[in-house]
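These are the residues of each chain, in order.
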Amino acid sequence: MKAVFLFLISIIKLIWSASSTYKIISATAWITTPMSLYPDFSASLIPITFQPSIFQYSFHDKSTVFTCKTRDCSQVNMIPMPGLNVARLAYGGVSPRRIYQQSPTISNAQFFLSTGYAKPNRDTELIVCAPEDSNCSKPRVMNTVDSSGFGQAGLRLTFTQSQGLPTMLIPEAKYASRDNRVTGYTIETCQDPLCQLSRSVVSLPFNLTGDANCLGTSIDVAINRHGFPSWLTLCNNELNLIHCLTVSCNETLVNQFKTDRNFVYFVYLTVDSQFRFTITTTGQTPQSDITYIHCIDADCTESIQLQLTIPNRPLPTRSPVTKVQVVINPRTDLPIFHLTGSMYPSNIPLYMFVICQTVECNMAEAIYIDYGAQFGLNELQVSDLFIDDEGTVIASIRAKYKATNDTINAIVRMAQSSEAAVDSLTFIEPILIK
């Protein structure tokens, strides 16, 4: 009887798979402040409920968190947080320069990591808002690394798997520099989930060639098989995957890859159900679109390294790819890419999902969903990519809306579905929550 039941389930899955395809299932947008700069953006998913959210440092002169009331973002709540003014958050730098996350272990506890001007060191600040303080009226502001140049290499904040301890990666630079010179990276890890105790501080290995500084423009993070962070850093032509083997990351394992610095700016990292890492960035030649690195095992002792090109995009009409973000489909353990490439004043924006059908991601077999022109998007400013527990891919975007030239925030969701595809943005007014 059990065998018959399992057989029927398999038949139902096959029928559903045959009748469903990957498509955009919702696309919600709202107009934001016209002068918002691209570092003024941090997107995330609320733990457990998987509701998308966007933090904006300045919306009508107040720091504001926009949170989808439901997964499909048909309604968006807006919570102003004027109490964050005490942190004196700063503009500037390479995204992500401002991080917003909720604790995975303490419901409604909110964390911010940002450049700022709060005393004494006025550089990088960790801000914690208690679970009962939903509008952050009494934020706890803590200075971290004294790095006057910021490094221009982004910031990252994540949580250890078992205890939910906040841990952050901060680039160091001893002087402000237009060419993004980084002199090191510091990891600070909280000893309790609300970061009320002292933080451990260690220097992360970087620039393994031994130079005094490097051009470091992008970092990313994912959780490894030990339940600790693995950090991805770009340093000159070195792409370093650095695995923390302890909570404080005072012991590490490093995998190193080489890139062509002329073609790489933003790098992205994700991990599958077997803790095998995937790294993506832009193509390493004028003809390729994607650099794709897939670790064969959890320690990345072996890897696949490929240059991928989207078919039917011949020069010179193809718009340049500027970012290649990646998530792993929990149903297949295969990568899904999100490509963006709207170069001002280009009239050929590129906003595209690429769903791989094999681990090597044969581009002739991949599924493509190019939605930018259809949705009237242009002049991309910044985007983040997530996937929820149901396999829905979520792109959070700051862009220009071509029809009105407004700056907008948008949440675009893509999944395998038998419902009709969404073919336009639905504009909403966020609901003010006081």
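Analysis parameters
- Residues numbered from 1 in each chain as written.
- Predicted model: local features only at pLDDT ≥ 70, side-chain atom pairs only at ≥ 80, totals over all residues.
- Heavy atoms only, no water.
- Helix = DSSP H or I, 4+ residues; strand = E, 2+ residues; numbered from the N terminus.
- Buried < 20%, exposed > 50% of the residue type's maximum accessible area, 1.4 Å probe, protein only.
- Contact = heavy atoms within 4.5 Å.
- Areas by Shrake-Rupley, 256 points an atom, 1.4 Å probe, with all protein chains shown as cover.
- Salt bridge = Lys/Arg side-chain N within 4 Å of Asp/Glu carboxyl O.
- Core = buried A, V, L, I, M, F, W, Y, C linked by side-chain atoms within 4.5 Å.
- Pairing = 2+ DSSP bridges.
- Polar contact = N/O pair within 3.5 Å; in protein donor to acceptor, adjacent residues only side chain to side chain.
- Axes fitted to C-alpha atoms, helices over the stretch in contact; angles between N-to-C directions.
- Disulfide = S-S within 2.5 Å.
- pLDDT = per-residue confidence, 0-100.

(A) Examining the overall build of the protein more closely. A tally of helices and strands in the protein yields one helix and 32 strands. Evaluated residue by residue, the protein yields a buried proportion of 59% over its 434 residues. The contacts of the protein with a sequence gap of at least 6 include a subset with a gap of at least 24, amounting to 53%. Accessible area of the protein: about 18,300 Å², with a carbon and sulfur share of 54%.

(B) Quick look at the pattern of salt bridges. Considering all chains together, one arrives at eight salt bridges under this definition. Note that D389 and R71 form a salt bridge whose closest N and O atoms lie 2.7 Å from each other. Of this pair, D389 sits in the loop between β28 (377-387) and β29 (393-401) while R71 sits in the loop between β4 (62-68) and β5 (76-80); the two residues are 318 residues apart in sequence, bridging distant segments of the chain. We classify D389 as partly exposed; its relative accessible area is 48%. A salt bridge links D299 to R225, with the nearest nitrogen and oxygen atoms 3.1 Å apart. In this pair, D299 sits in the loop between β22 (290-295) and β23 (303-308) while R225 sits in the loop between β16 (219-223) and β17 (229-235), placing the two residues 74 residues apart along the sequence.

(C) Broad picture of the nonpolar core. I24, F353, Y371, I397, V412 and M414 are the most contacted members of the largest nonpolar core, which totals 25 residues. Secondary-structure elements contributing two or more residues to this core are β1 (21-31), β26 (351-355), β28, β29 and β30 (406-417). Once you skip the residues sitting within four places of it in the chain, V412 turns out to touch I24, S26, A27, F353, Y371, F375, V393, I394, A395 and I397. One finds Y268, L308, F337 and A366 within the second-largest nonpolar core, a separate group that totals 18 residues.

(D) Layout of the pairing of β16. With respect to burial, β16 is a largely interior element, five of its five residues being buried. With burial as the criterion, each face of β16 is covered, one bearing I219, V221 and I223 and the other bearing D220 and A222. Bridge analysis of β16 against β17 gives five bridges, and the strand direction is antiparallel. Each residue of the ladder has a partner; that of D220, found in β17, is L232. Once β16 ends, the chain turns through five residues before running back antiparallel as β17, passing G227 with a positive phi of about 85°.

(E) Representation of the environment of G391. Relative to the helices and strands, G391 is located in the loop between β28 and β29. The spatial distance from the C-alpha of G391 to the C-alpha of R331 is 6.7 Å, given a sequence separation of 60 residues. Not counting the four nearest positions on each side in its chain, G391 is found in contact with P330 and M414.

(F) Inspection of the environment of T144 at higher detail. Mapping T144 onto the fold places it in the loop between β9 (140-143) and β10 (156-159). Separated by 21 residues in sequence, T144 and D123 have C-alpha atoms that sit 7.6 Å apart. In terms of polar contacts, T144 uses its side chain to reach the backbone carbonyl oxygen of T124, at 2.7 Å.

(G) A look at the sheet that holds strand β19 (residues 252-258). As summarised here, the arrangement of the four strands in space is β16-β17-β18-β19, forming an open sheet in which the pairing is antiparallel. Each end of this open sheet is capped by a strand with a single partner; those strands are β16 and β19. Neighbouring strand axes in the sheet, compared pairwise and without regard to direction, differ in orientation by 20° on average. Pairing analysis gives seven bridges linking strand β18 (residues 238-244) to β19, with the strands arranged antiparallel. Bridge pairing in β19 places L241 opposite N255.

(H) Broad picture of the sheet that holds strand β7 (residues 110-115). Strand order in the open sheet made by the four strands is β6-β7-β8-β9, with antiparallel pairing throughout. At either margin of the open sheet sits one strand with a lone partner, and together these are β6 (98-102) and β9. This sheet shows a mean twist of 15° between the axes of neighbouring strands, independent of strand direction. As paired elements, β7 and strand β8 (residues 124-129) share six bridges and run antiparallel to each other. Its bridge partner lying in β8, S114 is registered against E125.

(I) Broad picture of the state of the cysteines. In the structure shown here, the tally under the stated rule is six disulfides. Across the disulfide from C295 sits C300; the S-S distance is 2.0 Å. Sign of the S-S torsion, about -75° for the bond between C295 and C300, identifies this disulfide as left-handed. Residues C295 and C300 agree in their burial class; the two are buried. A disulfide bridge connects C356 with C361, and the sulfur atoms are separated by 2.0 Å.

(J) Highlighting unusual backbone geometry. With a phi angle near 55°, H60 is a residue other than glycine that sits in the positive phi range. Within the secondary structure, H60 is located in the loop between β3 (52-59) and β4. Of note, C73 is a non-glycine position whose phi angle comes to about 60°, a positive value. Among the secondary structure elements, C73 is positioned in the loop between β4 and β5.

(K) Local environment of the environment of A410. Assignment of secondary structure puts A410 in strand β30. Put simply, A410 and W30 are 380 residues apart on the chain and 6.6 Å apart in space, counted from C-alpha to C-alpha. Not counting residues up to four positions away in its chain, the partners in contact with A410 are T28, A29, A395, S396 and I397.

(L) Structural detail: the confidence of the model for the protein. Overall, the prediction assigns the protein a mean pLDDT of 86, with 84% of residues at 70 or greater. With pLDDT under 50 throughout, residues 4-18 is counted as low confidence; its partners more than four residues away or in other chains account for three contacts.

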